[in-house]
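# Fold and contact review
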Amino acid sequence: MVFFFHGLVGPDDAANFLSHDLWRLAMAASASPTAKLGGLPSAFTGCALRLALRVFHALAKRVGAAPPFDRPRESFDAGGRPRSLANALARNAAREDEPPEQGLVYLDLSDVLCHAIWHDSWAGIPRVQLEIAASLGRTRQSLRVIALRNRKWRDLRPLLEAADGDVDTMFRLMRAVFVDFHWSPAGVVAYVVSRLKYRSLLRRAEPPEPGARDTVFIGGAFWIDRDIIEFCRRAADRGANLIVLLHDLIPLVTPYFTGHDFRDEYLAMLRLPAHFIVTTPRNRRDLESVWQGRGDAGPVARISIVHLADEFPGAQRNECLCEASSRLARLRGEDFALCVGTVEIRKNHLALLLAWEELAVEFGESLPKLVVAGRRGWKADAALARLDELDAAGDLVQFVEAPSDDELRWLYASCRFTVFPSYFEGWGLPVGESFWFGKACAASNAGSIPFVGRDLCQYFSPYDAEEMKAAVRALLNAETRRSFQAKIRATPLRKWEDVARDLNAKIVEGRPTCDASNTAPAFRAGESEGLRRA
């Protein structure tokens, strides 16, 4: 059989495509009688399907008929050029300025890939990581976007470029390309369709071995995977510049807000010889406090601050949309306030729902509907139960579960104002995104939220229901809203390309030495003295 396939597809194809799967078939067929055989049919069929698909693609390649994959719909820039062409020209122009002596930049998105496979929609931190990847990809030819999946390294750069920087498209491609084989009719069909349609995007990467001229940039929840921690440690041992983006220190400073106890994993990550980048002065203080409280602290790691963006990806500032998706149809022409975020204990949805019900008694039909947009999260059974009850009633609250980016754009553009009642945030994306659409926000004064909100929010304590209701009452007043909206229009807002520029500057700096004297940058324009002390 090997010689038959060898003659059909050529020696290179036989060596590269067939040998591994033939070996796996032989191993499955010769399994020990004493071994557990429950998974043998699945293993055998999976190997056979992979073998058949590899033969098909090798033959198709030889006759020039390899199946295509779905590309995102083409869009055009202000000059009438296709955005993919405009982006390619921008990438080439930016890359001409890239110093040739720099090494490779490895951007690990292992946790982002896992999130895409396990969930139906994005959460905040994976979205941040993809926006950073897309922005760096436009300016760095040396960028290697990688992910560890089932202990095999994957090259994600083709997916990033196929999506042309669109986060929703990237999410769909990740879910469509990385399909595991399951022993069921639906599982077989999904696996075969994925392999036939997206073969050109499913690329293995050589095990990365960053050296002294290279940089490893990593963020998100990578610290859950010990293999990724070891990869980072080996890279640092070889002299690579290891940069870790920390969004918050919730597992250590407020562990009761997490779904699991991640203290040991987080501390293991903090032992890495890395340049740690945080997003706000509050996060920097938390990191320094945790570092100094460790028994094996040693010298303080280098810490820098890079702010995230206010920009909502793919939307023009103050954008107005007229079209809504089918499930948002009943909101067309309706007056509503918007709360964006995963429904989990830290986001404080239950207090908001109770406050809204009390405000309904006070204001009657003049109170706007409350729209809650987000995924179902953890430790929030009471909030989710009440949210479902109110959503079913339909008059006071509507739950938009796992909204797409297009749906969020419409919601932000169409709402009267936003509400963000979280107990703690490392940043608070919905606050800045509210500004991007020119909307005032009633926001919690906890964590890093006041840094993001500056003097553009009506603040309240997330622990005080009366303060929360007072903040909402203030934004129900048209004159107060117009005052906030005028300040928002006059305030410069930060874009994701600004974030990528600042991160790129940290990459160019090279491998740091331990430095406890690094000082925080000046606070952002428009921030009051009171917020500086928060």
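Source: prediction; values computed, not measured. (Residues numbered from 1 in each chain as written. Predicted model: local features only at pLDDT ≥ 70, side-chain atom pairs only at ≥ 80, totals over all residues. Heavy atoms only, no water.)

## A short note on the overall build of the protein
When helices and strands are counted, the protein shows 22 helices and 14 strands. Looking at the 534 residues of the protein, the share that counts as buried comes to 53%. In the protein, the share of contacts with a sequence separation of at least 24, taken over all contacts with a separation of at least 6, comes to 75%. Surface accessibility of the protein: about 24300 Å² in total, with carbon and sulfur atoms responsible for 54%. (Helix = DSSP H or I, 4+ residues; strand = E, 2+ residues; numbered from the N terminus. Buried < 20%, exposed > 50% of the residue type's maximum accessible area, 1.4 Å probe, protein only. Contact = heavy atoms within 4.5 Å. Areas by Shrake-Rupley, 256 points an atom, 1.4 Å probe, with all protein chains shown as cover.)

## A short note on the state of the cysteines
The full count for this structure, using the stated rule, is zero disulfides. Not part of a disulfide, Cys 415 finds its nearest cysteine sulfur in Cys 441, a span of 9.3 Å. (Disulfide = S-S within 2.5 Å.)

## Re helix α8 (residues 167-177)
With nine of eleven residues buried, α8 is to be regarded as a mostly interior element. What α8 keeps buried is the set Val 167, Asp 168, Thr 169, Met 170, Phe 171, Leu 173, Met 174, Ala 176 and Val 177.

## So, the sheet that holds strand β4 (residues 203-204)
Taken in spatial order, the eight strands of this open sheet run β4-β3-β2-β1-β5-β6-β7-β8, and their pairing is mixed. Edge positions in the open sheet fall to β4 and β8 (303-305), since each of these has one partner strand only. Bridge count for strand β1 (residues 105-108) against strand β5 (residues 215-219) is four bridges, and the pairing is parallel. Each bridged residue has a counterpart across the sheet, and for Tyr 106 the counterpart in β5 is Val 216. Here helix α10 (residues 226-237) sits on the sheet in contact with β1, β2 (143-149), β3 (152-155), β5 and β6 (241-246), set at roughly 150° to β5. (Pairing = 2+ DSSP bridges. Axes fitted to C-alpha atoms, helices over the stretch in contact; angles between N-to-C directions.)

## Describing the side chain of Arg 375
Position of Arg 375 among the secondary structure elements: in the loop between β10 (369-374) and α15 (381-393). One buried charged residue, Arg 375, forms no salt bridge at all, with the nearest opposite charge on Glu 344 at 7.6 Å. Excluding its chain neighbours within four sequence positions, the residues that come into contact with Arg 375 are His 115, His 119, Ser 121, Trp 122, Ala 123, Gly 341, Thr 342, Val 343 and Ala 402. (Lys, Arg positive; Asp, Glu negative; His and termini not counted. Salt bridge = Lys/Arg side-chain N within 4 Å of Asp/Glu carboxyl O.)

## Side note on the environment of Gly 211
Relative to the assigned elements, Gly 211 resides in the loop between β4 and β5. For Gly 211, a relative accessible area of 19% puts it in the buried group. Along the primary structure Gly 211 and Ala 236 are separated by 25 residues, whereas in three dimensions their C-alpha atoms are 8.3 Å apart. Among residues more than four places away in sequence, those in contact with Gly 211 are Arg 238, Gly 239 and Ala 240.

## Concerning helix α6 (residues 124-139)
Helix length check: α6, at 16 residues, gives a terminal C-alpha distance of 23 Å against a target of 22 Å (1.5 Å per residue), a fit within 8%. Burial within α6 is extensive, with twelve of its 16 residues counted as buried. (Expected span 1.5 Å × (residues − 1).)

## Examining the packing of aromatic side chains
In the structure shown here, the tally under the stated rule is twelve aromatic pairs. When the centroid spacing of 4.8 Å and the interplanar angle of 75° are considered together, the rings of Trp 223 and Tyr 266 count as edge-to-face. On the criterion of sequence distance, the pair formed by Trp 223 in the loop between β5 and α10 and Tyr 266 in helix α12 (residues 263-270) is long-range, its members being 43 residues apart. The residues Trp 223 and Tyr 266 share a single accessibility class, namely buried. In textbook terms, an aromatic cluster arises when at least three aromatic residues are bridged by ring pairs, as seen for Tyr 256, Phe 257, Tyr 423 and Tyr 463. (Phe/Tyr/Trp six-rings, centres within 6.5 Å; stacked < 30°, edge-to-face > 60°.)

## Looking at the pattern of salt bridges
Enumeration over the complete set of coordinates arrives at 30 salt bridges. Close ionic contact of Asp 391 with Arg 330 constitutes a salt bridge, the shortest N to O distance being 3.3 Å. Highlighted residues: Asp 391 in helix α15 and Arg 330 in the loop between β8 and β9 (336-340), separated in sequence by 61 residues. Two residues, Arg 416 and Asp 335, come together in a salt bridge whose shortest N-O distance is 1.9 Å. With Arg 416 in the loop between α16 (405-414) and β12 (418-420) and Asp 335 in the loop between β8 and β9, this pair connects stretches of sequence that are 81 residues apart.

## Some remarks on the side chain of Ser 110
Looking at where Ser 110 falls in the secondary structure, it is placed in helix α5 (residues 110-118). On the basis of relative accessibility, which here comes to 5%, the residue Ser 110 falls in the buried class. At a separation of 2.7 Å, a polar atom in the side chain of Ser 110 contacts the main-chain amide nitrogen of Leu 148. With near-sequence residues (within four places) excluded, Ser 110 lies in contact with Ile 146, Ala 147, Leu 148, Trp 153 and Ile 228. (Polar contact = N/O pair within 3.5 Å; in protein donor to acceptor, adjacent residues only side chain to side chain.)

## Points about the packing of helix α14 (residues 349-363) against helix α19 (residues 465-476)
α19 packs onto α14 with a crossing angle of 55° between their chain directions and a minimal axis gap of 10 Å. Accordingly, the angle class assigned to the pair α14 and α19 is oblique. The handedness of the crossing between α14 and α19 is right-handed. Mapping the contact onto sequence places Ala 351, Leu 352, Ala 355, Trp 356, Glu 358, Leu 359, Glu 362 and Phe 363 in α14 and Met 468, Lys 469, Val 472, Arg 473 and Leu 476 in α19. For the contact of α14 with α19, the per-class residue count stands at nine nonpolar, no polar and four charged. (Parallel < 35°, antiparallel > 145°, perpendicular 65-115°, else oblique. Left-handed = near helix turned anticlockwise from the far one by under 90°. Nonpolar A, V, L, I, M, F, W, Y, C, P; charged D, E, K, R; others polar.)

## Some points on the nonpolar core
Ranked by internal contacts, the top residues of the largest apolar core, which has 77 residues, are Ile 132, Met 174, Leu 338 and Leu 411. Looking at which element gives the most residues to this core, the answer is α8, with seven residues. Core analysis: the second largest hydrophobic core is formed by 35 residues, Leu 246, Phe 262, Leu 270 and Ala 274 among them. (Core = buried A, V, L, I, M, F, W, Y, C linked by side-chain atoms within 4.5 Å.)

## Quick word on the packing of α5 against α8
When two helices pack together, you describe them by how their axes are tilted relative to each other and by the distance separating the axes. Running from N to C, α5 and α8 point in directions that differ by 75°, and their axes come no closer than 9 Å. Between α5 and α8, the interaxial angle falls into the category roughly perpendicular. Facing Val 112, Leu 113, Ala 116 and Ile 117 of α5, the residues of α8 in contact are Phe 171, Met 174 and Arg 175. A breakdown of the residues in the contact of α5 with α8 according to their chemical character gives six nonpolar, no polar and one charged.

## Examining unusual backbone geometry
Despite not being glycine, Arg 151 has its phi angle at roughly 65°, a positive value. Here Arg 151 lies in the loop between β2 and β3. On the basis of relative accessible area, Arg 151 is assigned to the exposed category, the value being 69%. The backbone phi angle of Asn 318 is positive, close to 60°, even though this residue is not glycine.

Fair warning: the whole summary comes from geometry, so function is off the table for now.
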